[in-house]
Structure formats: C-alpha cells, structure tokens
Amino acid sequence: MNRPLLLLDIDGVLNPYGSPQPPVGYTEHRLFPGEDPVRVNPAHGTWITEASAVLDIAWATSWNDEANQLLAPLLHITPLPVVTMPRIPFHPSEKIPLIAAHAQQRPAAWIDDLHTPQAHRWAARRTSPTLLITADPTIGLTRDSIERVIAWATPFSAP
C-alpha cells in the first residue's frame, strides 16, 4: 500500500484569520502587500516534520507555489508538493476534483477550514481510507489535529 497522504490548506489552518488578534504562539508577517498579515506559528513546522514520518504531505491551498516560496521558509520545512488550485476567487468545492486526482487511491487526510458538503460526500464515497479534519479558522491547526492525523496514518505506513 502507498504511504498515506496529508493535504494541507493554509488560510484558516496554518494562518488563522477568524479573530482580530492572532492566537497565542502566532506572529504576523506581511507577505502580501496591501493584504492582511499572515499569522504563522513556528510550532507548525515541527508538527509538519513529525507528520512527514508517516505521511507524504502536499499543499492544497490557493497559495499554490507561494506556499513553498513564502511560508515554508518561515516554518523551517522543506518545500512540499503542490496540488495546484484555480486562481482566486474560487468556490471551496472546486478543490475536490484536484485533490481527488492527486490522492488517487491512496489513504488521504485533508485538513481545511472549509470542507463543503461535496468534500464530505467525496470522502464518504472513496474506497481508500479518508480523514477530513475541519480546522476552526479562529484557532488554526492544533496539536490535537496533528496527533489525530498521525495516529490515523500510522497503521497505513507500517512496512
């Protein structure tokens, strides 16, 4: 069996935008002129590195290649594969066929803050194990979510 895949969104997950002040542990960075600052928690880099021991990780974000150019260095992680998304604005359900094509028949976990009903239907219909974790955009990615993904993926990663 192939290693499981983690599909990782940024806005609302690694960049919580839903509160006036960043959550504890986040610092703000002006990465996009004229836009709100991006909130980054350096612990996320450690968590992503830990998860990479049992999962292949890919960006599934409207940031596309900018995730590797702008965010990966702040998290101190190596560049990740990118599931290329449409130009913004696009409806969150437009991610599904792109994610489905990338995941193919591999076990897949997907962390996003905007899982649509179509995403839940896609996950339920897959013949491969699938885990959706919906992040709260006021909090972002939590240690509990990463631990849940690692625990879910570990049985699929065993040699």
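Our structure's up above, just so we're on the same page.
None of the values given here were measured: they were computed from a predicted structure.

### Digging into helix H1 (residues 43-51)
Within the span of H1, buried status applies to His44, Gly45, Trp47, Ile48 and Ala51. Projected onto a plane normal to the axis of H1, the buried residues spread over an arc of 165 degrees and lie on a single side.

### Things to note about helix H2 (residues 66-75)
One turn of the α-helix equals 3.6 residues, which is why residues spaced by three or four share an orientation. Those residues of H2 not exposed but buried are Ala67, Asn68, Leu71, Ala72 and Leu75. Projected onto a plane normal to the axis of H2, the buried residues spread over an arc of 115 degrees and lie on a single side. Its buried side turned inward, H2 meets strand S3 (38-40), H1 and strand S4 (56-59). Positioned one or two residues after H2, histidine 76 has a phi angle of 60 degrees, which is positive.

### A look at the packing of H1 against helix H5 (residues 143-157)
H5 packs onto H1 with a crossing angle of 10 degrees between their chain directions and a minimal axis gap of 10 Å. Classed by the angle they form, the pair H1 and H5 counts as roughly parallel. Of the residues in H5, those touching H1 at Trp47, Glu50 and Ala51 are Arg143, Ile146 and Ile150. Here the contact of H1 with H5 is composed, by residue class, of four nonpolar, no polar and two charged.

### Quick notes on the sheet that holds strand S6 (residues 130-134)
Across the sheet, four strands lie side by side as S4-S1-S5-S6; this open sheet has parallel pairing. Sheet topology places S4 and S6 at the edges, where each strand pairs with a single neighbour. Direction aside, the axes of adjacent strands within the sheet are offset by 15 degrees on average. Where strand S1 (residues 5-8) and strand S5 (residues 108-112) come together, four bridges link them in parallel fashion. Paired with leucine 5 across the bridge in S5 is alanine 108.

### Focus on the pairing of S6
Strand direction decides the pairing type here: S5 and S6, joined by five bridges, are parallel. By the bridge assignment for S6, isoleucine 111 is matched with isoleucine 133.

### Considering the pattern of salt bridges
Going through the model one piece at a time under the given rule, you end up with seven salt bridges. Between arginine 3 and aspartate 56 there is a salt bridge whose closest N-O contact spans 2.8 Å. Highlighted residues: arginine 3 in the segment before S1 and aspartate 56 in strand S4, separated in sequence by 53 residues. Put simply, arginine 39 and glutamate 28 hold a salt bridge, and the shortest N to O gap is 3.1 Å.

### Some words on the packing of aromatic side chains
Applying the stated rule across the entire model yields three aromatic pairs. For the ring pair tryptophan 110 and tryptophan 122, a centre distance of 6.0 Å and an interplane angle of 80 degrees mean the geometry is edge-to-face. Placement of the pair is tryptophan 110 in strand S5 and tryptophan 122 in helix H4 (residues 117-125), with a sequence separation of twelve residues.

### A word on the nonpolar core
Core analysis: the largest hydrophobic core is formed by 33 residues, its most contacted members being Leu14 and Trp59. At the level of secondary structure, the elements contributing two or more residues to this core comprise S1, S3, H1, S4, H2, S5, S6 and H5. Considering each element in turn, this core owes the most residues, five residues, to H5. Other than its neighbours up to four places away in sequence, tryptophan 59 contacts Leu8, Ile10, Leu14, Ala67, Asn68, Leu71, Leu75, Ile77, Leu80, Pro81, Val82 and Val83. With 16 residues, the next largest nonpolar core counts Val83, Phe90, Trp110 and Leu132 among its residues.

The rules we used
- Residues numbered from 1 in each chain as written.
- Predicted model: local features only at pLDDT ≥ 70, side-chain atom pairs only at ≥ 80, totals over all residues.
- Heavy atoms only, no water.
- Buried < 20%, exposed > 50% of the residue type's maximum accessible area, 1.4 Å probe, protein only.
- Helix = DSSP H or I, 4+ residues; strand = E, 2+ residues; numbered from the N terminus.
- Arc of directions from axis to C-beta.
- Contact = heavy atoms within 4.5 Å.
- Axes fitted to C-alpha atoms, helices over the stretch in contact; angles between N-to-C directions.
- Parallel < 35°, antiparallel > 145°, perpendicular 65-115°, else oblique.
- Nonpolar A, V, L, I, M, F, W, Y, C, P; charged D, E, K, R; others polar.
- Pairing = 2+ DSSP bridges.
- Salt bridge = Lys/Arg side-chain N within 4 Å of Asp/Glu carboxyl O.
- Phe/Tyr/Trp six-rings, centres within 6.5 Å; stacked < 30°, edge-to-face > 60°.
- Core = buried A, V, L, I, M, F, W, Y, C linked by side-chain atoms within 4.5 Å.

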